[in-house]
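Examining the three-dimensional arrangement
The chain contents come next:
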Amino acid sequence: MALADIFTRPADSAATASPRAFGMRPLGTGLEGLTAWVDDIAALTQPDRIHWVDGSRAENDALLRQMVEDGTLIKLNPEWRPGSYLARSHPSDVARTEARTFIASEREEDAGPTNNWAAPDDIRSTITPLFAGSMKGRTMYVVPFSMGAVGGPLSHIGVQITDSPYAVASIEVMTRVGTDVLREIAGGAPWVKTVHSVGAPLEPGQKSDAWPCNDEKYIVHFPETLEVWSYGSGYGGNAILAKKCFALRIASVIGRDEGWLAEHMLLIRVIDPAGRRYHVAAAFPSACGKTNLAMLKPTIPGWRVETLGDDIAWLRPGEDGRLWAINPEAGFFGVAPGTGESTNQTAVETLWGNTIFTNVALRPDGDVWWEGLTDEAPAELTDWQGNPWTPAMGRPAAHPNSRFTVSAAQCPQIAADWDSPEGVPLDAILFGGRRATNVPLVVEATDWTHGVFLGSTISSERTAAAEGTVGELRRDPFAMLPFCGYNMADYFGHWLKIGQKLRFDRAPRVFQVNWFRKGSDGRFLWPGFGDNARVIDWIIRRIEGEVPGIDSAIGRLPRAEDLDIEGIAVTDADMAELFAIDPASWLREADLTEEFFQTFEGRVPAPLWAELAALRYRLQRA
Ligand code: GTP
Ligand code: SPV
Ligand code: MN
């Protein structure tokens, strides 16, 4: 089949298979395989129209215009926010739904205790009837996309079928969409199948809701057949399947089998006053500071940071014994609240236009607002649900998980080579979380194995990025708890194995950080944001061997005089509290770690148990 024909081909007329027969047909390879799959999905979901997305500007313009007409998007005032739109989701569809997210591996133990497992055949027979006819009255979009530069050595291709034009517009920002991806498929490149339906078929003549979705939700991953099926939600990671579903859950499984890592990490280049360049990746749980650190504006003179990625990094050991990283995405889906001139000026500048905002507040002048954008709220607003709002009402105007979708290229400090196919060699890996107590501002792992242990024991207070109780402490190893597509104990083992492929003197050094420790008065002890550069500065001087690390029970700490706190209002008492290590509460943490490791029923690698024993030994003597 010629590539040009794909945009005009009618749906396969034979494609009226019953849901039960679905998936029985061998697909073949290349474009034939792709079109056979599209026909199968169309036969199942029965859309009114099929639209092959070519990723062109004209197509995107038309899509956005259509969504404005349909009431899905509100066009913002171009005087303030050119090319930008506001979407208001259904109030029940505002975040990832982890309880409805499944890993359908053949064997239950391959999903592990931290994932919801479903037997593939069982869950297929549950969801297939839901997808049957689910796109009636709607357009089915076929979106070919590449994660990483098209054709790059670390890149991977996917195709998303969706009945949500909002998802299409988002995928076009977040990934590389277009005909060059089809060309790769035509050339025989493997691709991941992702199917998404909001689950809101229309009767003839029925008008769609502005934000169609379904109370019943399923986000199902089939790691063996490289498929994602998502039903019922139009929001974020539930609907932009390239992101968490593919680039983390499915990619982590591909990485396990191929010898690389798919990680929930931001990626930056740090340039010191001497012009030396370092590459740092950092894994923090959702809404714990990745986008902010990715756009760091150092408050110490002479330092610069260039953004490479803000959410996901794919890491692969190179021939040179270093660990190389790419950002597979092409845009940012960032948390709006808390993003302001004083915290993340770069993000504010990135959002000057061409941005889709979801669930933020609308100003009377047709611009957007959210808590933290400015110190003072405007006198009146329309809140994220479309209701009149004034500050006196005492509830937030923007949803706590409201977001912006904007292309990475628009970031003023994006690295010139951010989309280079080879990526960058890592000098440091940071693990962090939101911890009001116990965890110091920064601690260095003694070696790779200890670093893997630190990653495996990360816990963090829950945020609004997913459904659940905000503030509740939970384990979130490597910030991957909701995103690892296989047994996390095996994943820990895979990290250890990757370490063996690195040259010991070239492997990235591992650190744990915590910007969120609080004093007894409940305030953050560390100013955070731009001042986090002070911690990075110490990390880099450790890498260069310019300062000693002080051994403690939990790892290496800075000497007080080595952390540059000139010009910031952190008192000696605050510093002491930021680094205080209470052996008794750390021993309690160690007990919880043991409990956590035990849930994996013997699968946690022995070196991590040895690290736990060594930690306890040191704590008992501290
Ligand atoms: P996801 O996109 O959900 O993965 O979140 P993220 O990890 O990118 O988090 P983001 O950078 O958007 O920050 C989430 C929230 O934490 C925002 O409200 C920020 O203002 C706040 N935050 C980020 N960095 C810091 C920091 O250094 N200190 C403090 N106190 N808050 C921070
Ligand atoms: C996160 O929750 O980590 C996000 C938002 O980045 S979502 O894409 O919805 O997963
Ligand atoms: Mn983010």
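Keep in mind it's a predicted model, so treat the numbers as computed, not measured. (Residues numbered from 1 in each chain as written. Chains lettered and ligands numbered in written order. Predicted model: local features only at pLDDT ≥ 70, side-chain atom pairs only at ≥ 80, totals over all residues. Heavy atoms only, no water.)

This part is about helix H13 (residues 533-543). Burial runs high along H13: 10 of the 11 residues are buried. Just past H13, the residue Gly545 takes up positive phi, approximately 70°. (Buried < 20%, exposed > 50% of the residue type's maximum accessible area, 1.4 Å probe, protein only. Helix = DSSP H or I, 4+ residues; strand = E, 2+ residues; numbered from the N terminus.)

With 14 residues, helix H12 (residues 488-501) extends 20 Å between its outermost C-alpha atoms, agreeing within 8% with the 20 Å of an ideal straight helix rising 1.5 Å per residue. Burial runs high along H12: 10 of the 14 residues are buried. Those residues of H12 that fall on the buried side of the exposure criterion are Met488, Ala489, Tyr491, Phe492, Gly493, His494, Trp495, Leu496, Ile498 and Gly499. By the N-cap criterion, in which a side-chain oxygen at the helix start approaches the backbone nitrogen of a residue two or three places on, H12 is capped by Asn487, the distance to Ala489 being 2.9 Å. (Expected span 1.5 Å × (residues − 1). Polar contact = N/O pair within 3.5 Å; in protein donor to acceptor, adjacent residues only side chain to side chain.)

Contacts to ligand 1 come from 22 residues, most closely from Ala287, Lys290, Thr291, Asn292 and Arg403. One of the side-chain nitrogen or oxygen atoms of Asn292 is found 2.8 Å away from an oxygen atom of ligand 1. Take Gly338: an N or O atom from its main chain is 3.3 Å from an oxygen atom of ligand 1. If you list the elements that add at least two residues to the shell around ligand 1, you get helix H9 (290-294) and strand E18 (331-335). In terms of residue count, the dominant contributor to the shell around ligand 1 is H9 (three residues). (Near = heavy atom within 4 Å.)

This part takes up the nonpolar core. Ranked by size, the top nonpolar core spans 160 residues in total, and within it Leu430, Trp448 and Trp495 carry the most contacts. Among the elements that line this core, the one with the most residues is helix H8 (residues 242-258), at nine residues. Apart from residues lying up to four places away in sequence, Trp495 is in contact with Leu261, Glu263, Met265, Leu315, Ile429, Phe431, Trp448, Val452 and Phe478. Core analysis: the second largest hydrophobic core is formed by 34 residues, Leu34, Val38, Met135 and Tyr218 among them. (Core = buried A, V, L, I, M, F, W, Y, C linked by side-chain atoms within 4.5 Å. Contact = heavy atoms within 4.5 Å.)

A cluster of acidic side chains, namely Glu106, Asp121, Asp122 and Glu224, defines a negative patch on the protein surface. Mapped onto the fold, Asp121 is located in helix H4 (residues 120-131). According to the relative accessible area criterion, Asp121 is exposed, its value standing at 61%. (Patch = residues over 30% accessible without salt bridge, like charges linked within 9 Å, V, L, I, M, F, W, Y side chains within 5 Å. Areas by Shrake-Rupley, 256 points an atom, 1.4 Å probe, with all protein chains shown as cover. Salt bridge = Lys/Arg side-chain N within 4 Å of Asp/Glu carboxyl O. Lys, Arg positive; Asp, Glu negative; His and termini not counted. Charge placed at Lys NZ, Arg CZ, Asp CG, Glu CD.)

For the pair helix H15 (residues 583-598) and helix H16 (residues 606-620), the least separation of the axes is 10 Å and the interaxial angle reads 160°. As far as their axial angle goes, H16 and H15 are roughly antiparallel. Here H15 and H16 pass one another in a crossing that is left-handed. Residue-level inspection shows Pro583, Trp586, Leu587, Ala590, Asp591, Thr593, Glu594, Phe597 and Gln598 of H15 in contact with H16, the latter providing Leu608, Trp609, Leu612, Leu615, Arg616, Leu619 and Gln620. For the contact of H15 with H16, the per-class residue count stands at 10 nonpolar, three polar and three charged. (Axes fitted to C-alpha atoms, helices over the stretch in contact; angles between N-to-C directions. Parallel < 35°, antiparallel > 145°, perpendicular 65-115°, else oblique. Left-handed = near helix turned anticlockwise from the far one by under 90°. Nonpolar A, V, L, I, M, F, W, Y, C, P; charged D, E, K, R; others polar.)

Next up on the list: the packing of helix H2 (residues 57-70) against helix H5 (residues 165-174). Running from N to C, H2 and H5 cross one another at 140°; their axes reach a closest spacing of 10 Å. The chirality of how H2 crosses H5 is left-handed. Taking contact as the criterion, the partners of Glu59, Asn60, Leu63, Leu64 and Met67 in H2 are, on H5, Pro165, Tyr166, Val168, Ala169 and Glu172. Taken together, the residues that form the contact of H2 with H5 break down as seven nonpolar, one polar and two charged.

Attention now goes to the site of ligand 2. Inspection of the region around ligand 2 gives Arg96, Gly236, Gly237, Lys243, Lys244, His264, Ser286, Asp311, Phe333, Arg403, Ala465 and Phe483 as its neighbouring residues. Lys244 places a side-chain nitrogen or oxygen 2.8 Å from an oxygen atom of ligand 2. Ser286 places a side-chain nitrogen or oxygen 2.4 Å from an oxygen atom of ligand 2. Calculation on ligand 2 without its partners gives an accessible area of 280 Å², and the protein chains cover 98% of this total. Those elements that provide at least two residues to the shell around ligand 2 are helix H7 (236-239) and H8. Here the residues of the shell around ligand 2 sort into three nonpolar, four polar and five charged.

Below, the discussion takes up the environment of Trp538. Within the secondary structure, Trp538 sits in helix H13. Each C-alpha atom, one on Trp538 and one on Phe431, is 16 Å from the other, the two residues being 107 residues apart in sequence. Other than its neighbours up to four places away in sequence, Trp538 contacts Val442, Glu444, Phe511, Val547, Arg556, Leu557, Pro558, Asp562 and Leu563.

To continue, consider the packing of aromatic side chains. Here the structure, examined in full by the defined rule, presents 29 aromatic pairs. In this structure an aromatic cluster arises from ring pairing among Phe431, Trp448, Phe453, Phe478, Tyr486, Tyr491, Phe492, Trp495, Phe596, Phe597, Phe600 and Trp609. It is Lys193 that lies over the ring of Trp191; its NZ or CZ is 5.0 Å from the centre. A cation sits over an aromatic face here: Arg256 above Tyr486, 4.9 Å from the ring centre. (Phe/Tyr/Trp six-rings, centres within 6.5 Å; stacked < 30°, edge-to-face > 60°. Lys NZ or Arg CZ within 6 Å of the ring centre and 35° of its normal.)

Turning to the sheet that holds strand E16 (residues 313-317), a few remarks are in order. If you walk across this open sheet you meet the four strands as E12-E16-E17-E25, and the pairing is antiparallel. Of all strands in the sheet, those with a lone pairing partner are strand E12 (261-263) and strand E25 (424-425), marking the two edges. Taken together, the four bridges between E16 and strand E17 (residues 323-326) define a ladder with antiparallel strand orientation. From the neighbouring strand, Leu315 faces E17, where its bridge partner is Ala325. In this fold H12 packs onto E12, E16 and E17, with an angle of close to 120° to the strand it touches most, E12. (Pairing = 2+ DSSP bridges.)

So, about the pairing of strand E11 (residues 227-231). Buried residues dominate E11, accounting for five of its five residues. Residues of E11 alternate between two faces, with Glu227, Trp229 and Tyr231 on one and Val228 and Ser230 on the opposite face, all of them buried. Here strand E10 (residues 218-222) pairs with E11 via five bridges, running antiparallel. Its bridge partner lying in E11, His221 is registered against Val228.

So, on to the side chain of Asn401. Note on placement: Asn401 falls in the loop between strand E23 (388-389) and strand E24 (403-407). Non-local contacts of Asn401, meaning those with residues more than four positions away in its chain, are made with Val94, Ala95, Tyr235, Ala464 and Ala465.

Further remarks concern the domain arrangement of the protein chain. Splitting the protein chain by domain gives domain 1 (3-70 + 97-259), domain 2 (263-330 + 420-580) and domain 3 (331-410). Just the C-alpha atoms count here: the centres of domain 1 and domain 3 sit 29 Å apart. Contacts between the two partners involve nine residues from domain 1 and, on the opposite side, 12 residues from domain 3. Together, Val173, Met174 and Tyr235 form the three largest contributors to the area buried by domain 1 at its contact with domain 3, with a combined 59%. (Domains from an automatic or database assignment. Buried area = accessible area lost by both parts, 1.4 Å probe.)

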